[in-house]
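Inside the fold
Here is how the chains run, residue by residue.
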Amino acid sequence: MKKAEIKFTIELDDNNVPENILWESTDSQNKEALPVKSIMLALWDHNYKNTLRIDLWTKDMPVDEMKRFFYETLQTMGDSFLRATGEKNIVEDLRDYCAHFADKMEITK
């Protein structure tokens, strides 16, 4: 069985606020850690039937990029949900909401 590891390194300031976030994967062609400004990680705990989450962003993450990050995350969640469930109708509703979100947040495509 093939295995891969994904590693996040979070550099914190004295107040435990992320200053830098680096990620790397053993399955990537790039062998060095790459910097990112934000991560959202969701894990499903099947024993307790709930979601475990880690949401981190660096203190220098621009607000306009955070808005775009949320917009794109919502869009890709719709893609994943469609692949996982085949529920086209609700994904169309989510797409409508994403368009509304982008309009309200003044996100340009």
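Analysis parameters
Residues numbered from 1 in each chain as written. Predicted model: local features only at pLDDT ≥ 70, side-chain atom pairs only at ≥ 80, totals over all residues. Heavy atoms only, no water. Salt bridge = Lys/Arg side-chain N within 4 Å of Asp/Glu carboxyl O. Helix = DSSP H or I, 4+ residues; strand = E, 2+ residues; numbered from the N terminus. Buried < 20%, exposed > 50% of the residue type's maximum accessible area, 1.4 Å probe, protein only.

Looking at an unreviewed UniProt entry, one finds the chain named Gliding motility-associated protein GldC and attributed to Mucilaginibacter paludis DSM 18603.

Considerations on the pattern of salt bridges
Within the structure shown, the criterion is met by 7 salt bridges. Note that Lys2 and Asp27 form a salt bridge whose closest N and O atoms lie 3.0 Å from each other. With Lys2 in the segment before β1 (6-12) and Asp27 in the loop between β2 (18-25) and β3 (34-36), this residue pair connects regions lying 25 residues apart in the sequence. For Lys2, a relative accessible area of 64% corresponds to the exposed category. Asp27 sits in the partly exposed class, given a relative accessible area of 46%. Note that Arg95 is salt-bridged to Asp79, the shortest N-O span being 2.2 Å. A residue pair is termed long-range when its members are at least 10 positions apart, and Arg95 in helix α2 (residues 88-104) and Asp79 in helix α1 (residues 63-85) qualify at 16 residues. Residue classification places Arg95 among the partly exposed residues on the basis of a relative accessible area of 26%. Classification of Asp79 as partly exposed rests on a relative accessible area of 33%. One connected set of salt bridges, linked through shared partners, spans Asp13, Glu19 and Lys59.

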